[in-house]
Amino acid sequence: MEVVVLTDAEQLAELATDAVVALVRAQPSAVLGLATGSSPLGVYAGLRLRHAAGEVDLSRVRGFLLDEYVGLPPGHPERYREVIRRELDGLGLADDAVQGPDGLSHDLPGACAAYERAIAASGGVDLQLLGIGTDGHIGFNEPGSSLASRTRVKTLTAQTRADNARFFAAPDEVPHHVLTQGLGTIREARHLVLLATGAGKAEAVARTVEGAVSASCPASVLQLHPHVSVLLDEAAAAGLQHLAYYRETWAGKPAWQGL
Ligand code: F6R
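Residues numbered from 1 in each chain as written. Predicted model: local features only at pLDDT ≥ 70, side-chain atom pairs only at ≥ 80, totals over all residues. Heavy atoms only, no water.

Draft legend 1. Structural view of the overall build of the protein chain. Per the secondary structure count, the protein chain includes eight helices and 10 strands. For the protein chain, the C-alpha atoms occupy an extent of roughly 55 × 40 × 35 Å along the three principal directions. Here the protein chain, with 259 residues, has 52% of them falling under the buried criterion. Long-range contacts, defined as pairs at least 24 residues apart, comprise 78% of the intrachain contacts of the protein chain with a sequence gap of at least 6. Approximately 11,200 Å² of the protein chain is accessible, and the part contributed by carbon and sulfur atoms is 54%. (Helix = DSSP H or I, 4+ residues; strand = E, 2+ residues; numbered from the N terminus. Buried < 20%, exposed > 50% of the residue type's maximum accessible area, 1.4 Å probe, protein only. Contact = heavy atoms within 4.5 Å. Areas by Shrake-Rupley, 256 points an atom, 1.4 Å probe, with all protein chains shown as cover.)

Draft legend 2. View of the pairing of strand β2 (residues 31–34). Alternating positions in β2 separate into two faces, V31 and G33 on one and L32 and L34 on the other, with burial throughout. Here β2 pairs with strand β3 (residues 62–65) via four bridges, running parallel. Residue L34 lies in a different strand from β3, and its bridge partner there is L65. Running through helix α2 (residues 41–52), the crossover from β2 to the neighbouring parallel element β3 is right-handed. (Pairing = 2+ DSSP bridges. Right-handed = clockwise from strand over helix to strand, strands pointing away.)

Draft legend 3. Looking closely at the environment of E234. With respect to the secondary-structure elements, E234 resides in the loop between β10 (228–233) and α8 (243–251). Between the C-alpha atom of E234 and that of A9, which follows or precedes it by 225 residues, the distance is 9.7 Å. Excluding residues that lie within four positions of it along the chain, E234 makes contacts with V5, L6, T7 and R247.

Draft legend 4. Quick peek at the sheet that holds β2. The strand order across the open sheet formed by seven strands is β1-β10-β9-β6-β2-β3-β5, and the pairing between neighbours is parallel. The strands lining the two open edges of the sheet, one partner per strand, are β1 (2–6) and β5 (98–99). Bridge count between strand β9 (residues 191–196) and β10: five bridges; the pairing is parallel. Across the sheet, L195 pairs through a bridge with L231, a residue of β10.

Draft legend 5. Broad picture of the packing of helix α1 (residues 9–26) against α2. α2 packs onto α1 with a crossing angle of 55° between their chain directions and a minimal axis gap of 8 Å. One way to sum up the angle between α1 and α2 is to call them oblique. The hand of the α1/α2 crossing is right-handed. Mapping the contact onto sequence places A13, A16, T17, D18, V20, V21 and R25 in α1 and G42, V43, G46, L47 and R50 in α2. In terms of residue class, the contact of α1 with α2 is built from six nonpolar, three polar and three charged. (Axes fitted to C-alpha atoms, helices over the stretch in contact; angles between N-to-C directions. Parallel < 35°, antiparallel > 145°, perpendicular 65-115°, else oblique. Left-handed = near helix turned anticlockwise from the far one by under 90°. Nonpolar A, V, L, I, M, F, W, Y, C, P; charged D, E, K, R; others polar.)

Draft legend 6. Up close: the site of the ligand. Around the ligand there are 14 residues in total, and S39, D67, H137, G139 and K201 lie nearest to it. One of the side-chain nitrogen or oxygen atoms of T36 is found 2.7 Å away from an oxygen atom of the ligand. Taking K201, its side chain carries an N or O atom lying 2.7 Å from an oxygen atom of the ligand. For the ligand, whose unbound accessible area comes to 410 Å², protein coverage reaches 94%. Classifying every residue of the shell around the ligand gives three nonpolar, eight polar and three charged. (Near = heavy atom within 4 Å. Polar contact = N/O pair within 3.5 Å; in protein donor to acceptor, adjacent residues only side chain to side chain.)

Quick look at the structure:
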């Protein structure tokens, strides 16, 4: 696990954007794992800028959403398919390039199984963007999630619903249920890039990076993955014991190596 601590969200987003651009230049039909929420927005903005500058051709890229709310109707602005459609608009991706689990299916377990098959048929995710919940979730794998879990229905914790209420007109409008890639699914992506900013994430980040691997902090499963980049601002990194070591390591890393 590589921990990179920078001063602000813009720097983190730029670093993650560089990693995506380098991947797509090397592998034009790369498969991206797409998170929603606030954390990856700077990366999507960075990709729009790099695309507009002609620095990257994303026309052959494919994408898979991490998760989706159950029951939000087509066109709802907070449905994650809709969020990602807005964020990636104008990047030249094919219409069917991005898939997400179908939160409107009458057969949710069947939709989850179909989603797993679709990810496998694509050859798997090359680079997965991740945020982290204040309770340590990734995707919507809330505390107690099996470290081997696959895409399935989950119930959001009260804390996550409260955290996400800012996106909705009223707290009660946040759905209780979601479909999410499992921790076992996420772990199969070849490179995981987690972005976290702000003091509210510090405890979850410390447990993820330096705590015990445990379903009580689902993101701690990242410790078992061979290629993880954890990109933090100062506030999110504040609870880390080995901060000086992470800084020294990053400062000494040749820029050409990237993430
Ligand atoms: C969203 C997702 C969630 C968020 C997490 C952090 O697709 O999978 O795990 O990444 O809830 O949300 P933000 O970035 O809004 O703080």
